[in-house]
Amino acid sequence: MTIIAPSLLSADFSRLKDETEMVEKAGAQWLHLDIMDYHFVPNLTFGAGVVKSLRPHSNMVFDAHLMVEDPEKYIPDFQKAGTEYLTFHYEAVSHCDQVIQEIKKHDMKAGISVKPKTDVTVLEPFLEYLDLVLVMSVEPGFGGQKFMVDMLQKVQWLKEQKAQEKGNFLIEIDGGINRSTAVEAVKAGAEVLVAGTAVFGAASPKEEISYYLKLS
Ligand code: DX5
Ligand code: ZN
């Protein structure tokens, strides 16, 4: 079954608790939390404090996507906030292996994300240590952008690596997911679909989520 991770970036920020409860009731298994710092990306969202205050209101898996410089600084805060998956950007650090180890030491699952212009094969040395690889299918920073179809090649490469037992990570795709791009993404090998605009902008988020859950 496909995992759907609605991105809170497209929620009404004045009603984060209600929006979280709404997508959980609608069937989402994960909640995608986009953390932006105005430096790594030209946008700012929220930090571990907001994640911590949402934690008691949800049983969904919290999937934090750190689009920040020096992500290693924030690892303890996200552990305390109750995050299950902590994903940082390959482009934001100089020693990926150390950051992965640090996340695991803090009892969280470790993910790495690559921006559209980054070659996914740079992740080869780290695959065996990762729990998740997040392929960005838009430039990180904003919701509502157009899906970059070329990114599906990265998903296919990751699927091949898994088939060759080079790792046991989940393949997640983020950006521009809608009903048609989701079909392509799942066909290519995506197992976790992040969707912001498609879910929170839908007339019926429940119907929208049910659609993605049925893809396989
Ligand atoms: C972009 C974020 C995405 C974003 C996706 O930097 O990482 O998670 O919310 O939004 P949509 O689904 O609208 O493209
Ligand atoms: Zn994201």
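Details of the structure are given in the entry above.
Let us look at the structure shown here.

### What about the site of ligand 1?
Then, in step 1: The full set close to ligand 1 counts 20 residues, and Asp 34, Gly 141, Asp 174, Gly 196 and Thr 197 are the nearest of them.
Then, in step 2: Here an oxygen atom of ligand 1 and a side-chain polar atom of Asp 34 are 2.7 Å apart.
Then, in step 3: Between ligand 1 and the protein, one listed contact pairs an oxygen atom with a backbone N or O atom of Gly 196 at 2.8 Å.
Then, in step 4: Taken by itself ligand 1 offers 380 Å² of open surface, and the protein chains cover 99% of this.
Then, in step 5: At three residues, strand 2 (residues 30-36) tops the list of elements feeding residues into the shell around ligand 1.
Then, in step 6: Looking at side-chain class alone, the shell around ligand 1 contains eight nonpolar, 10 polar and two charged residues.

### Details of the sheet that holds strand 5 (residues 109-114)
Then, in step 1: Pairing in this open sheet of eight strands is parallel, and the strands run 1-8-7-6-5-4-3-2 from one edge to the other. The sheet terminates laterally at strand 1 (3-6) and strand 2, the two strands that pair on one side only. The average angle at which neighbouring strand axes cross in this sheet is 25°, direction not considered.
Then, in step 2: Looking at chain direction, strand 6 (residues 132-136) and strand 7 (residues 170-174) are connected through five bridges and run parallel. Bridge assignment links Leu 134 to a residue of strand 7, and that residue is Glu 172.
Then, in step 3: Along the sheet face, helix 5 (residues 152-163) touches strand 5, strand 6 and strand 7 and points at about 175° away from the line of strand 7.

### Describing the nonpolar core
Then, in step 1: Membership of the largest hydrophobic core comes to 69 residues, with the highest contact counts inside it found for Leu 8, Leu 33, Phe 78, Leu 158, Ile 173, Ile 177 and Leu 193.
Then, in step 2: Ranked by size, the runner-up nonpolar core spans nine residues in total, among them Ala 5, Leu 132, Leu 170 and Val 192.

### Here's the deal with the coordination of the zinc ion (ligand 2)
Then, in step 1: Those donors, His 32 (NE2), Asp 34 (OD), His 65 (ND1) and Asp 174 (OD), are the protein atoms that reach the zinc ion (ligand 2), and they lie 2.1 to 2.3 Å from it.
Then, in step 2: Because the angles between the six donor atoms bound to the zinc ion (ligand 2) fall within 68 to 168°, the donor set is best described as octahedral.
Then, in step 3: Expressed as a motif, the donor residue spacing for the zinc ion (ligand 2) is H-x1-D-x30-H-x108-D. Placement of the pair is His 65 in strand 3 (residues 61-67) and Asp 174 in strand 7, with a sequence separation of 109 residues.

### A word on helix 1 (residues 16-25)
Helical geometry note: an α-helix holds 3.6 residues per turn, so side chains three or four residues apart project in the same direction.
Then, in step 1: Buried residues of helix 1: Leu 16, Glu 19, Thr 20 and Val 23, and no others. For helix 1, the buried positions fall inside an angular range of 100° around the axis, keeping them on one side.
Then, in step 2: Among the structural elements, strand 1, strand 2, helix 2 (48-54), helix 7 (197-200) and helix 8 (205-213) are those in contact with the buried residues of helix 1.
Then, in step 3: Immediately beyond the C-terminal end of helix 1, within one or two residues, lies Gly 27, with a positive phi of roughly 110°.

### Digging into the pairing of strand 3
Where a strand is regular, its side chains alternate between the two sheet faces.
Then, in step 1: Counting buried positions along strand 3 yields six of seven residues, so the element is predominantly enclosed.
Then, in step 2: Sheet topology note: the strand 2/strand 3 ladder contains seven bridges and is parallel. In the sheet register, Leu 31 faces strand 3, and the bridge partner there is Phe 62.
Then, in step 3: What joins strand 2 to strand 3 is helix 2, and the crossover it makes is right-handed.

### Focus: the side chain of Thr 87
Then, in step 1: With respect to the secondary-structure elements, Thr 87 resides in strand 4 (residues 85-89).
Then, in step 2: Judged by relative accessible area, which is 0%, Thr 87 ranks as buried.
Then, in step 3: When residues no more than four places from it in sequence are discounted, the contact partners of Thr 87 are Asp 63, Ala 64, His 65, Leu 66, Gly 111, Ile 112, Ser 113, Leu 132 and Leu 134.

### What about the packing of aromatic side chains?
Then, in step 1: Using the criterion set out here, one finds three aromatic pairs in the structure.
Then, in step 2: When the centroid spacing of 5.8 Å and the interplanar angle of 65° are considered together, the rings of Phe 13 and Phe 46 count as edge-to-face. Remark: Phe 46 occurs in the loop between strand 2 and helix 2 and Phe 13 occurs in the loop between strand 1 and helix 1; sequence separation between them is 33 residues.
Then, in step 3: The exposure class of Phe 13 is partly exposed, given its relative accessible area of 40%.
Then, in step 4: Phe 46 sits in the buried class, given a relative accessible area of 9%.
Then, in step 5: Each ring, one from Tyr 211 and one from Tyr 212, has its centre 5.5 Å from the other, and the planes form 85°; the classification is edge-to-face.
Then, in step 6: Residue classification places Tyr 212 among the buried positions, given a relative accessible area of 0%.
Then, in step 7: One cation-aromatic arrangement involves Lys 115 over Phe 40; the distance from NZ or CZ to the ring centre is 4.9 Å.
Then, in step 8: Its guanidinium or amino end placed over the ring of Tyr 211, Arg 179 lies 4.5 Å from that ring's centre, counting from NZ or CZ.

What counts as what
Residues numbered from 1 in each chain as written. Chains lettered and ligands numbered in written order. Predicted model: local features only at pLDDT ≥ 70, side-chain atom pairs only at ≥ 80, totals over all residues. Heavy atoms only, no water. Near = heavy atom within 4 Å. Polar contact = N/O pair within 3.5 Å; in protein donor to acceptor, adjacent residues only side chain to side chain. Areas by Shrake-Rupley, 256 points an atom, 1.4 Å probe, with all protein chains shown as cover. Helix = DSSP H or I, 4+ residues; strand = E, 2+ residues; numbered from the N terminus. Nonpolar A, V, L, I, M, F, W, Y, C, P; charged D, E, K, R; others polar. Pairing = 2+ DSSP bridges. Axes fitted to C-alpha atoms, helices over the stretch in contact; angles between N-to-C directions. Contact = heavy atoms within 4.5 Å. Core = buried A, V, L, I, M, F, W, Y, C linked by side-chain atoms within 4.5 Å. Buried < 20%, exposed > 50% of the residue type's maximum accessible area, 1.4 Å probe, protein only. Donors = N, O, S within 2.8 Å, 3.2 Å for Na, K, Ca; no water. Tetrahedral: all angles 85-135°; square planar, octahedral: opposite > 155°, others 65-115°. Arc of directions from axis to C-beta. Right-handed = clockwise from strand over helix to strand, strands pointing away. Phe/Tyr/Trp six-rings, centres within 6.5 Å; stacked < 30°, edge-to-face > 60°. Lys NZ or Arg CZ within 6 Å of the ring centre and 35° of its normal.

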